[in-house]
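# Survey of secondary and tertiary structure
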Amino acid sequence: MPRNLVILGSTGSVGRQTLDVVRMLGDRIRVIGLAAGSNSRLLQEQAAEFRPVRVALMDERAAAAWNNSWMPAVSGIQGFSSLVEDPDVDVVVVATVGAVGLRPSLSALRAGKLVALANKETLVMAGQLIQDELAAGDGTLVPIDSEHSAVWQCLLGEPRRSIERLILTASGGALRQVPTGDLKSVTPAQALLHPNWLMGPKITIDSATLMNKGLEVLEARWLFDISLDRIDLLLHEQSIVHSMVTFDDSSVKAQLGLPDMRLPIQYALSHPDRWPNQLERLDLGRVGTLTFGQIDLARHPLLTLALEAGRAGGTYPAVLCAADEIAVHAFLTGAVPFTTMPSMIQSVLDAHVNCPEPNVEDILEADGWARRVAAGLVAEASPF
Ligand SMILES: NC(=O)c1ccc[n+]([C@@H]2O[C@H](COP(=O)([O-])OP(=O)(O)OC[C@H]3O[C@@H](n4cnc5c(N)ncnc54)[C@H](OP(=O)(O)O)[C@@H]3O)[C@@H](O)[C@H]2O)c1
């Protein structure tokens, strides 16, 4: 029996690669739902190829303009939730970017689905709520992020009590060779040139600032239920060792592979099995050298801010995510220089009054508040 799949964010980088995996796997997976933000043209093409039962567009106008009589589009956050709650759905890939993944992820877990999560912001903002939902119901959560997939694979068959530390690797992003003094004049085009991964614009800029690594530490904290002080970071420019686990007998396990998101996506769909595929094989003889080093925290203030927001907890991580989305958008549209993003996000966090044990409404309210404050800071920023 094929597994019935819904992809939220099917038009993005992870969404399109998930569809590549489906093409590769033949009849093991059947796509029954596709959803996007506003890109109705690409969604239409995907729907024509994969023939899902339902589609959704978050943008009301794009949904209203959708003219496909045999497959009407639902819209808005209710539309997304209705797609994932359908009784026929087995697996939901959450590949939207930013805070918008939160409610549909909770809905899917509540409906007992397997959620394959690429959208790390969901766990960063609301890790406790996701954990509560997992404990209360039949839903299952598995990672798609390559570092977290690596940790997950390293942990298979290991007793939980033996885990000593997690080690997440970091490539250093597009600007790793740029001297700190030159970062102010970095253009969006430069910051978008990631050396190893081809990803959506938000995560690529987050990789350049190392905010992404901070978000990944917070994601790992909830995914593997481990305290932040037991998660280490390691610079590894080649992105071949995707992450590691140290055990209490001093053994270290690592998961390796070429930097290709289709492997962690496929594993999220196939586990506990492994399905043969045609992806290029890792040839370490050709790679030659794997290098490792320390991360310079002084050079990456957004990594430090992310870790501080994680330690503070409550609604701080949601504020961090929201302010970061606005700051990255401002940088990409030329409204602020690269080096303004940390001070903007810091100002929003400083102005926030924390809610220590938030429910979903508190989190979404903090998200909306942070977006407004950050947008105000962008509007005040003098043109450069
Ligand atoms: N790309 C990677 O290799 C990678 C690796 C690990 C983790 N991740 C994580 O995966 C998530 C997606 O990343 P990505 O690189 O695939 O992003 P992306 O290429 O920018 O794609 C984002 C997807 O989300 C949709 N979307 C955007 N705004 C939306 C909204 N307001 N409501 C509903 N849908 C919306 C987009 O639809 P439209 O096309 O219609 O705008 C698109 O389908 C992020 O959380 C990222 O951190 C990505």
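This report concerns the structure included in the present document.

The rules behind each value
Residues numbered from 1 in each chain as written. Predicted model: local features only at pLDDT ≥ 70, side-chain atom pairs only at ≥ 80, totals over all residues. Heavy atoms only, no water. Phe/Tyr/Trp six-rings, centres within 6.5 Å; stacked < 30°, edge-to-face > 60°. Buried < 20%, exposed > 50% of the residue type's maximum accessible area, 1.4 Å probe, protein only. Lys NZ or Arg CZ within 6 Å of the ring centre and 35° of its normal. Salt bridge = Lys/Arg side-chain N within 4 Å of Asp/Glu carboxyl O. Helix = DSSP H or I, 4+ residues; strand = E, 2+ residues; numbered from the N terminus. Axes fitted to C-alpha atoms, helices over the stretch in contact; angles between N-to-C directions. Parallel < 35°, antiparallel > 145°, perpendicular 65-115°, else oblique. Contact = heavy atoms within 4.5 Å. Nonpolar A, V, L, I, M, F, W, Y, C, P; charged D, E, K, R; others polar. Pairing = 2+ DSSP bridges. Right-handed = clockwise from strand over helix to strand, strands pointing away.

## A word on the packing of aromatic side chains
- All told, the structure shown has two aromatic pairs when counted by the stated rule.
- Seen in terms of ring centroids, Phe331 and Phe338 are 5.4 Å apart; in terms of plane orientation they differ by 75°. Their pairing is edge-to-face. Each of the two residues, Phe331 as well as Phe338, counts as buried.
- Its end group placed over the ring of Trp222, Arg221 keeps NZ or CZ at 3.7 Å from the ring centre.

## Let's talk about the pattern of salt bridges
- Under the defined criterion, the tally for this structure stands at 20 salt bridges.
- Note that Lys213 and Glu216 form a salt bridge whose closest N and O atoms lie 2.6 Å from each other. With a gap of three residues between them, Lys213 and Glu216 both fall in helix α10 (residues 211-223), about one helical turn apart. This pair shows no difference in class: Lys213 is buried, exactly as Glu216 is.

## Describing the packing of helix α13 (residues 301-312) against helix α14 (residues 316-332)
- Axis separation between α13 and α14 bottoms out at 7 Å; the angle between their running directions is 150°. Put simply, α13 runs roughly antiparallel to α14. Facing α13, whose interface residues are Leu305, Ala306, Ala309, Gly310 and Ala312, α14 presents Tyr316, Pro317 and Leu320.
- Among the residues making up the contact of α13 with α14, the classes are represented as seven nonpolar, one polar and no charged.

## Details of the pairing of strand β3 (residues 54-57)
- Direction of pairing for strand β2 (residues 29-36) relative to β3: parallel, over a ladder of four bridges. Following the sheet pairing, Ala35 is matched in β3 by Ala56.
- Regarding topology, helix α2 (residues 40-50) serves as the crossover connection from β2 to the parallel β3, and that connection is right-handed.
- The pairing of β3 with strand β4 (residues 73-75) spans three bridges and is classified as parallel. Residue pairing across strands places Ala56 opposite Val74, the latter belonging to β4.

## With respect to the sheet that holds strand β8 (residues 163-170)
- Across the sheet, which stays open at both edges, the four strands sit in the order β9-β8-β10-β11 with mixed pairing between neighbours. The outermost strands of the open sheet, each flanked by one partner alone, are β9 (231-235) and β11 (252-256). Between one strand and the next, the sheet's axes are offset by a mean angle of 20°, whatever the strand orientation.
- Summarising the sheet, strand β10 (residues 241-247) and β11 pair through five bridges and their orientation is antiparallel. Along β11, the bridge assignment pairs Met244 with Ala254.
- Sitting on the sheet, α10 touches β8 and β9, and the angle it makes with β8 is about 155°.

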